[in-house]
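Structure at a glance
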Amino acid sequence: MDQVVSLIRDTKEADLDTLKKTLESVLEKIRGNTHGVTNALGQLDPSKHSMGMVYLLYAKSQSRDVDPSFLNNVEFFLANLHGKHTQKAASRFVQVCHIYTEICRDNALYSRGIKALTTGLQRFRPSNDFLTPLHADVLCLCLKAKNYKAGFNLIENKIFDIDPNATGLTPKDMLLYFYYGGMIYIGLKHYQKALGFFETALTVPAFALNAIMVEVYKKYMLVSLLVHGKHTGLPKHAMNIVQKHMKTLCSQYYEFATVFGSGNIDNVDKVKKSFEDNEETFKSDNNLGLARQCMQALAKRNIQKLTATYMTLSLADIAKNAGLNNAAATEKVLLRMIENGEINAVIDQKGGMVSFGEEVQAFDSPQTSVILETRIDQSISLANRLKNIDEDITSSNNYIARQLGVREEAYSDFERGPSSNRGGGIRRMFEYFR
Amino acid sequence: MSSFDLEQYISNYTGLTKVKRLIFAAENSKELRSEAARLAVKQLKTGINTQLYKEVLEKFANDLNEKYDEAWVSSVDQEAAKTLEKLEIELNSFRTNLIKESIRMGHNELGDFYFARGELQNAFKSYLRTRDYCTSSKHIIHMCLSVIKIGIETGNFNTINQYVQKAEQTPDIAEGQDKVAVSKIAVASALYNLESKKYKTVAKKLLECDVSLGDEFNDVISLQDIAIYAGLTALATFDRRELYNLLDNSSFKNFLELVPLVRELIQDFYESRYTSALTGLDRLLPELVFDIHLRDHVQPLYQKIRSRSLIQYVSPFTSVDMNRMAKVFNTSVVDLEKEVATLIQEKQIKARIDSHNKILYARMTDQRNNTFQRVIDLGDSYIHDTENNILRMNIMKHKDFAVKPLRRTANKNQMMM
């Protein structure tokens, strides 16, 4: 054991790869020695010996009943780890984190876990553009704790890149991240953003379907009903296999969405029936709440449609058109909508009449310019990002070679001298420049 | 219904379509059932299509006091067998002599014979065989028309389209010299487009027809039909300027003279006399339900014409009294309100209803607001799409990064292959 510790201590940065091999080979031996490992962990400094500590932590996590001190060890490590070194042992590190997350989850140590993992994640990722497997872990704990705010900060940070080698990221981690992330957005009622997350999850490259994707698709359909009032279908670049099979796998959702989206005001009853028919499915999928919100949204959406069609309408007619039970219930819904600024209307209780005003949004407040400015800033930074990517690509070797129609062999032919028969490509290139 | 004169209507047609239209009428109307069946049998007896004769007699046995004429059938059948033999022998001798024109004629005659007997598939084959022996553009047109005719009778609309296009490429049609042939092809194309519900194309195609077509195409369509089809589809799809051009079109005037009702209809519509236009439509209806081709399209066409009248009616006003409007359109205020509401929701009418006072107010769209909304929406979708695409591009860099089947199932798939 001491040997291992001193080996970890003495290894220089350049020799980390050899250290990794050695550690992999002795993993079996140190696993048995729980006590030694705990001792060793105390002697090492995470900012210098990250690689070694990852293996020791892993060994500790594999023992039969995990020592309570494991949590403290992991937290200490997460708070101080050295990003680059840890990335070299990414897959082991991620396994440690998953186990840590499981323990936190099962023992309801949510906020403790969220805090530790978030710090660790920030130190571990190459830059804040990257997705790591820890993201999903954090979000899982946030959902369990119903602490959506904590997760919100994490998912608001846009993911642009992945690096499976440095972060040990698997497609499953990615799906889970976008699934959990979408659920947090739903919890915070940011449906538009949730829809975007689910969409991303469904466009992850896939040669097979997995259960996460199916669950994502179910929620995707319901949320798109909330946002767009109909099922908009997947983006074109979603994988074929997803497009093909989801219809059959989520047929009940599909049926509900079709009825819901058919757009006629008089089909409220059909939607209700479809909702009742599929209620069991929604319930068993834990989507009942979401489906209920769809039903509420339907009434609201219908009322909004009415405001565009009518100037005055009796409460009874609104109730009929929006699929609400009676005038009293309608009045309640209307009141709430007026309070939230969703519609502009005045209720005349004496005559039972409602007069709808024109839409409220006039785009003349300072808020409008704030909205526009943030969009413009975002667009500019995105444009810069695109420019950088474009420059990277146009200056990459592969791209230039392709552009000129020259294969690598042509280069080697060229080095061998013009007598070679196979140098046609490169010669053509020279003629081209002449 | 009593205003409908079957005998007069059917006298516009000849050949197979006459029988088919009679059968169609018999199937779709109780009052005309026996009369239509009687006329169909009468017509069939002048031809040699014994198969159809049998079918009609069986189908309408209860409505006819006529007995199955065994003697006639067997004599016609014998005669037909002889003719067939004769035609085939002739064709063979033409073939051995390799005279192109005669071979073409031979196939054609055989095709005509099959057609008369009601063996449409065989007729189709025979007509197709003339293809290789066509030497002039007249021949090609003849061949195309024969095939199209079968296409119409069998309801094979893809064939129609295919051979319409072929015929349109021949110089006679392309340069428009042969007006009768041009009209025939135009009608065929219109029927195809009618089937695919492209009503505007139907109207435009039918306007290409020339009245010199006369009764030459009566085994498919009558001149009156052309006027009615063109009138209805034009009313449903043309804007005011186009309608004006249609009324002004000197060659089409001749068609409209044939069916004054349609001419009045278009005139009324153009001059915004909706009440009389709509009653005119109602008067036309009994005749249309017996039309083999138009029947399925009457409902949507009428609906469209009505919507267009509503739209046109409200377009010049800033506010409209719905009570008066309901009178013009011959309906109740409640129903009218529903109709208008649907049109508003389909964004066809820009207005809002004051349901309390039953007044319709035109709605001014605020361009500035709309532009703001659109800019923000566009910006949002641009940002969202770009972010996603950058991520996707980066994912694609890692070739191996994808959801894969479990190894176990992968093996199974391989075994299955």
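The name given to chain B in an unreviewed UniProt entry is COP9 signalosome complex subunit 1, and the organism recorded there is Acrasis kona. Here is the UniProt Sequence similarities (unreviewed entry) comment for chain B, exactly as written: "Belongs to the CSN1 family."

With an unreviewed UniProt entry as reference, chain A is termed COP9 signalosome complex subunit 3, source organism Acrasis kona. Check the Sequence similarities (unreviewed entry) section of the UniProt entry for chain A; it says "Belongs to the CSN3 family."

To continue, consider the state of the cysteines. Per the stated rule, a full pass over the model turns up 0 disulfides over all chains. No disulfide involves A:C250; its sulfur sits 14 Å from that of A:C294, the nearest cysteine. Its sulfur unpaired, B:C209 is 17 Å from the next cysteine sulfur, which belongs to B:C144. When its relative accessible area of 1% is taken as the criterion, B:C209 is described as buried.

Before going further, it helps to examine the side chain of B:S183. Residue and element names in this part refer to chain B. Residue position: S183 is located in helix α11 (residues 179-195). Here the side chain of S183 touches D210 through a polar contact of 2.9 Å, landing on its backbone nitrogen. Each residue touching S183, except ones within four places of it in the same chain, is listed here: C209, D210 and L213.

In the numbering adopted here, UniProt assigns the feature "domain: PCI" (unreviewed entry) to residues 198-367 of chain B. Within residues 198-367 of chain B, the helical portion is 64% and the strand portion 6%, while the C-alpha atoms at the span's ends are 33 Å from each other.

Next up on the list: the interface of chain B and chain A. Taken together, the contact between chain B and chain A spans 39 residues of the former and 54 residues of the latter. Together chain B and chain A conceal approximately 4200 Å² of surface at their shared face, both sides included; 64% is due to carbon and sulfur atoms. Summed over the three residues of chain B that lose the most area to chain A, namely B:R352, B:F401 and B:V403, the buried surface amounts to 19% of that side. Applying the counting rule to chain B against chain A returns 2 salt bridges. Across the pair B:E387 and A:K158 runs a salt bridge whose closest N-O atoms are separated by 4.0 Å. For the side of chain B that touches chain A, the elements supplying multiple residues, two or more each, are α20 (333-345), β2 (351-354) and α21 (367-397) of chain B. Of all the elements, α21(B) adds the most residues to the side of chain B that touches chain A, at 21 residues. By residue class, the composition of the side of chain B that touches chain A is 19 nonpolar, 11 polar and 9 charged.

Attention now goes to the packing of aromatic side chains. Residue and element names in this part refer to chain A. For the coordinates displayed, the defined rule picks out 23 aromatic pairs over all chains. Centre to centre, the rings of Y179 and Y180 are 6.0 Å apart; their planes meet at 35 degrees, and the pair counts as tilted. Each member of the pair, Y179 as well as Y180, is classed as buried. Measuring from ring centre to ring centre gives 5.1 Å for Y185 and F197, while their planes differ by 85 degrees; the resulting arrangement is edge-to-face. Within this pair, whereas Y185 is found in helix α12 (residues 171-187), its partner F197 is found in helix α13 (residues 191-202), the two being separated by 12 residues in sequence.

The next subject is unusual backbone geometry. Not every positive phi belongs to a glycine, and A:N286 is a case in point at roughly 60 degrees. Relative to the elements of secondary structure, A:N286 occurs in the loop between α18 (279-284) and α19 (288-309).

Residues and elements named next belong to chain A. Between helix α9 (residues 133-145) and helix α10 (residues 148-156), whose axes approach to 8 Å, the crossing angle comes to 155 degrees. One way to sum up the angle between α9 and α10 is to call them roughly antiparallel. In terms of crossing hand, the pair formed by α9 and α10 is left-handed. Packed against α9, whose contacting residues are H135, V138, L139, C142 and L143, the element α10 presents Y148, A150, G151, L154 and I155 at the interface. Among the residues making up the contact of α9 with α10, the classes are represented as 8 nonpolar, 2 polar and no charged.

Residues and elements named next belong to chain A. The pairing of strand β1 (residues 310-314) with strand β3 (residues 353-356) spans 3 bridges and is antiparallel. From the neighbouring strand, L313 faces β3, where its bridge partner is V354. Here strand β2 (residues 345-348) runs beside β3; their pairing, made up of 4 bridges, is antiparallel. Bridged to A345 within β3 is F356. Here β2 folds back onto β3 in antiparallel fashion, the turn holding 4 residues, of which G352 has a positive phi close to 65 degrees.

Conventions we followed
Residues numbered from 1 in each chain as written. Chains lettered and ligands numbered in written order. Predicted model: local features only at pLDDT ≥ 70, side-chain atom pairs only at ≥ 80, totals over all residues. Heavy atoms only, no water. UniProt positions renumbered as here; feature names shortened; annotations may be inferred. Disulfide = S-S within 2.5 Å. Buried < 20%, exposed > 50% of the residue type's maximum accessible area, 1.4 Å probe, protein only. Helix = DSSP H or I, 4+ residues; strand = E, 2+ residues; numbered from the N terminus. Polar contact = N/O pair within 3.5 Å; in protein donor to acceptor, adjacent residues only side chain to side chain. Contact = heavy atoms within 4.5 Å. Buried area = accessible area lost by both parts, 1.4 Å probe. Salt bridge = Lys/Arg side-chain N within 4 Å of Asp/Glu carboxyl O. Nonpolar A, V, L, I, M, F, W, Y, C, P; charged D, E, K, R; others polar. Phe/Tyr/Trp six-rings, centres within 6.5 Å; stacked < 30°, edge-to-face > 60°. Axes fitted to C-alpha atoms, helices over the stretch in contact; angles between N-to-C directions. Parallel < 35°, antiparallel > 145°, perpendicular 65-115°, else oblique. Left-handed = near helix turned anticlockwise from the far one by under 90°. Pairing = 2+ DSSP bridges.

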